[in-house]
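Results of the structural survey
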Amino acid sequence: MQRIRIPSVPSSEITPRPVWEDRRRFLRAAAGGAAAALLLARPGQAAVSRPGRLAPIADLQETAHGKDLKPTDYDDFTSYNNFVELGVSKEAPANNAHLLRTRPWTLKVEGECEAPGEIGIEDILTQFSQEERIYRLRCVETWAAVVPWVGVPLSLVLARFKPTSKAKFVELESISDPDRLPGQRRPVLPWPYVEGLRIDEAMHPLTLLATGCYGEVLPGQNGAPLRLVVPWKYGFKSAKSIVRIRFVEEMPETTWVRLQPDEYGFYANVNPTVDHPRWSQARERPIGEGLFARRRQTQMFNGYAEQVADLYRGMDLSRHY
Ligand SMILES: Nc1nc2c(c(=O)[nH]1)N[C@H]1C(S)=C(S)[C@@H](COP(=O)(O)O)O[C@H]1N2
Ligand SMILES: [Mo]
């Protein structure tokens with residue numbers, strides 16, 4: 001297979017090729033204004049604090065997770081996003097976030113479980129308050145961020161629906177709303193966005209169903225009102241604006257695997273030793289430090305090896321990437 005490295009073209013290194021090509025056509029049509037904006041240096045990082053933009057989430061308890069990590073600046077995290085339903089550029093999700101209707105919102109849970117049903121977002125926000133915590137977790141693509149997430153371990157929500165022994169995987173489905181969401185009116189991706197996890201990954205305590213970040217409800221561009229966070233995997237595994245979770249026996253066909261199986265694997269574990277066909281994954285660029293900031297060495301499982309390496313014992317991770 002031909003391997004082409006494009007080490008310093010930002011939109012290609014962080015964006016799947018079909019999206020990036022679509023975006024290039026779009027940029028050419030738009031006379032390239034957005035590309036220049038992307039190249040401007042970003043402001044430095046600030047200490048975590050509630051930005052006061054959105055509704056606060058009450059009664060938060062901060063866990064010990066990542067106390068030593070410096071959170072990414074809120075403005076950087078909320079203005080540089082991948083959320084193709086809201087548009088293909090990194091700026092489009094923030095600009096179009098107002099189009100996302102997040103109430104009423106129910107999460108349907110079905111498939112291989114004894115108690116299929118649904119749960120409303122208000123119930124998730126209130127009924128799990130004991131478990132709701134702030135997790136300061138790293139997330140990484142070839143750019144990296146540290147985000148103080150507010151969320152419930154996915155396992156606590158899933159347990160209510162009583163998965164059976166046939167539930168080997170979960171399939172997560174994102175919003176479908178082509179009337180309102182501009183990206184869903186173009187066949188850039190097969191809609192709806194689908195992601196999946198093996199059941200033990202889904203039940204791992206670090207896998208979160210996030211309802212907020214920085215002490216507030218999630219901004220639309222970051223996946224309001226409910227998104228997945230899997231800190232040891234690449235960003236695309238973290239499905240945004242989730243409406244359905246299905247327990248299944250067979251490995252689900254996820255959006256990126258369906259689109260480009262040669263480039264995207266089901267597992268998508270952060271692994272500096274496995275290159276993406278079009279770029280190295282050995283280093284990462286901290287978001288908010290500018291496109292030309294010095295890259296850091298990416299850590300195996302994004303630094304969570306101690307917590308998650310056991311899930312993959314005996315697997316050949318260069319094959320199951
Ligand atoms: N529904 C949906 N979820 C999605 C995406 C998307 O396009 N649609 N993009 C994924 C990708 S590629 C990344 S890198 C992360 C980005 O999350 P962030 O913008 O909060 O950093 O969301 C993931 N979840
Ligand atoms: Mo991504």
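About the cut-offs
- Residues numbered from 1 in each chain as written.
- Chains lettered and ligands numbered in written order.
- Predicted model: local features only at pLDDT ≥ 70, side-chain atom pairs only at ≥ 80, totals over all residues.
- Heavy atoms only, no water.
- Helix = DSSP H or I, 4+ residues; strand = E, 2+ residues; numbered from the N terminus.
- Buried < 20%, exposed > 50% of the residue type's maximum accessible area, 1.4 Å probe, protein only.
- Contact = heavy atoms within 4.5 Å.
- Areas by Shrake-Rupley, 256 points an atom, 1.4 Å probe, with all protein chains shown as cover.
- Near = heavy atom within 4 Å.
- Polar contact = N/O pair within 3.5 Å; in protein donor to acceptor, adjacent residues only side chain to side chain.
- Nonpolar A, V, L, I, M, F, W, Y, C, P; charged D, E, K, R; others polar.
- Core = buried A, V, L, I, M, F, W, Y, C linked by side-chain atoms within 4.5 Å.
- Phe/Tyr/Trp six-rings, centres within 6.5 Å; stacked < 30°, edge-to-face > 60°.
- Salt bridge = Lys/Arg side-chain N within 4 Å of Asp/Glu carboxyl O.
- pLDDT = per-residue confidence, 0-100.

**Side note on the overall build of the protein**
- The secondary structure content of the protein amounts to ten helices and 13 strands.
- By residue count, 54% of the 321 residues in the protein fall in the buried class.
- Looking at the protein alone, contacts between residues at least 24 apart form 72% of all its contacts between residues at least 6 apart.
- With an accessible surface of roughly 14,100 Å², the protein has 51% of that area assigned to carbon and sulfur atoms.

**Remarks on the environment of Val243**
- In this fold, Val243 is placed in strand S11 (residues 242-248).
- For the pair Val243 and Lys108, spaced 135 residues apart in sequence, the C-alpha to C-alpha distance is 6.2 Å.
- If sequence neighbours within four positions are ignored, Val243 has contacts with Trp105, Thr106, Leu107, Lys108, Glu173, Ser174 and Ile175.

**Quick notes on the site of ligand 1**
- Near ligand 1, the surroundings consist of 17 residues, among which Asn81, Glu85, Arg227, Ser238 and Lys240 are the closest.
- For ligand 1, a nitrogen atom lies 3.0 Å from a polar atom in the side chain of Ser174.
- For ligand 1, a nitrogen atom lies 2.8 Å from a polar atom in the backbone of Ser238.
- Across the shell around ligand 1, the residue classes break down as seven nonpolar, six polar and four charged.

**Structural notes on the environment of Arg50**
- Within the fold, Arg50 resides in the loop between helix H3 (33-39) and strand S1 (61-62).
- A C-alpha to C-alpha distance of 5.6 Å links Arg50 and Gly215, two positions 165 residues apart in sequence.
- Leave out the neighbours within four places in its chain, and Arg50 touches Pro56, Tyr214, Gly215 and Glu216.
- In this structure the side chain of Arg50 is engaged in a polar contact, spanning 2.6 Å, whose partner is the side chain of Glu216.

**Observations concerning the nonpolar core**
- Judged by nonpolar contacts, the single largest core of 80 residues is most densely connected at Leu107, Trp149 and Trp232.
- The leading source of residues in this core is strand S5 (residues 143-153), at seven residues.
- Not counting the four nearest positions on each side in its chain, Leu107 is found in contact with Gly117, Glu118, Ile119, Ile124, Val157, Leu209, Leu226, Ile242, Val243, Arg244 and Ile245.

**Quick notes on the packing of aromatic side chains**
- What the rule picks out here adds up to eleven aromatic pairs.
- Measuring from ring centre to ring centre gives 5.6 Å for Phe77 and Trp149, while their planes differ by 85 degrees; the resulting arrangement is edge-to-face. Of the two residues, Phe77 is situated in helix H4 (residues 74-77) and Trp149 in strand S5; the sequence distance between them amounts to 72 residues. Here the two residues Phe77 and Trp149 agree in accessibility, since each one is buried.
- A ring pair is formed by Phe301 and Tyr312, whose centres lie 5.4 Å apart and whose planes are at 20 degrees; its orientation type is stacked.

**Considerations on unusual backbone geometry**
- Following Trp191, the chain continues into Pro192 via a peptide bond in cis, with omega recorded as -5 degrees.
- One can find Pro192 in the loop between strand S6 (169-174) and strand S7 (194-198).
- The linkage connecting Ala224 with the following residue, Pro225, adopts the cis geometry, with an omega of 0 degrees.
- In this structure, Pro225 sits in the loop between strand S9 (216-217) and strand S10 (227-229).
- In the Ramachandran plot, Asn302 falls in the positive-phi region, its phi being about 55 degrees despite a non-glycine side chain.

**With respect to the pattern of salt bridges**
- All told, the structure shown has 15 salt bridges when counted by the stated rule.
- We note a salt bridge from Glu110 to Arg246, for which the minimum N-O separation is 2.9 Å. Remark: Arg246 occurs in strand S11 and Glu110 occurs in strand S2 (residues 106-111); sequence separation between them is 136 residues.
- The exposure class assigned to Glu110 is partly exposed, which follows from its relative accessible area of 23%.
- Salt-bridge contacts for Arg244 lead to Glu173; the nearest nitrogen and oxygen are separated by 3.5 Å. One end of the pair, Arg244, is in strand S11; the other, Glu173, is in strand S6, and 71 residues separate them in sequence.
- By relative accessible area, Arg244 is classed as partly exposed at 22%.

**Some details on the side chain of Glu263**
- When you line up the elements, Glu263 lands in the loop between helix H9 (255-259) and strand S12 (283-286).
- A polar side-chain atom of Glu263 sits 2.9 Å from a polar atom in the side chain of Arg278.

**A short note on the confidence of the model for the protein**
- For the protein, per-residue confidence averages 85 on the pLDDT scale, and residues scoring 70 or more make up 83% of the total.
- Confidence drops under a pLDDT of 50 for residues 1-14, and excluding neighbours within four residues, the segment shows 32 contacts in the predicted structure.
- The low-confidence segment residues 26-47 (pLDDT under 50) makes 29 contacts with residues lying over four places distant or belonging to another chain.

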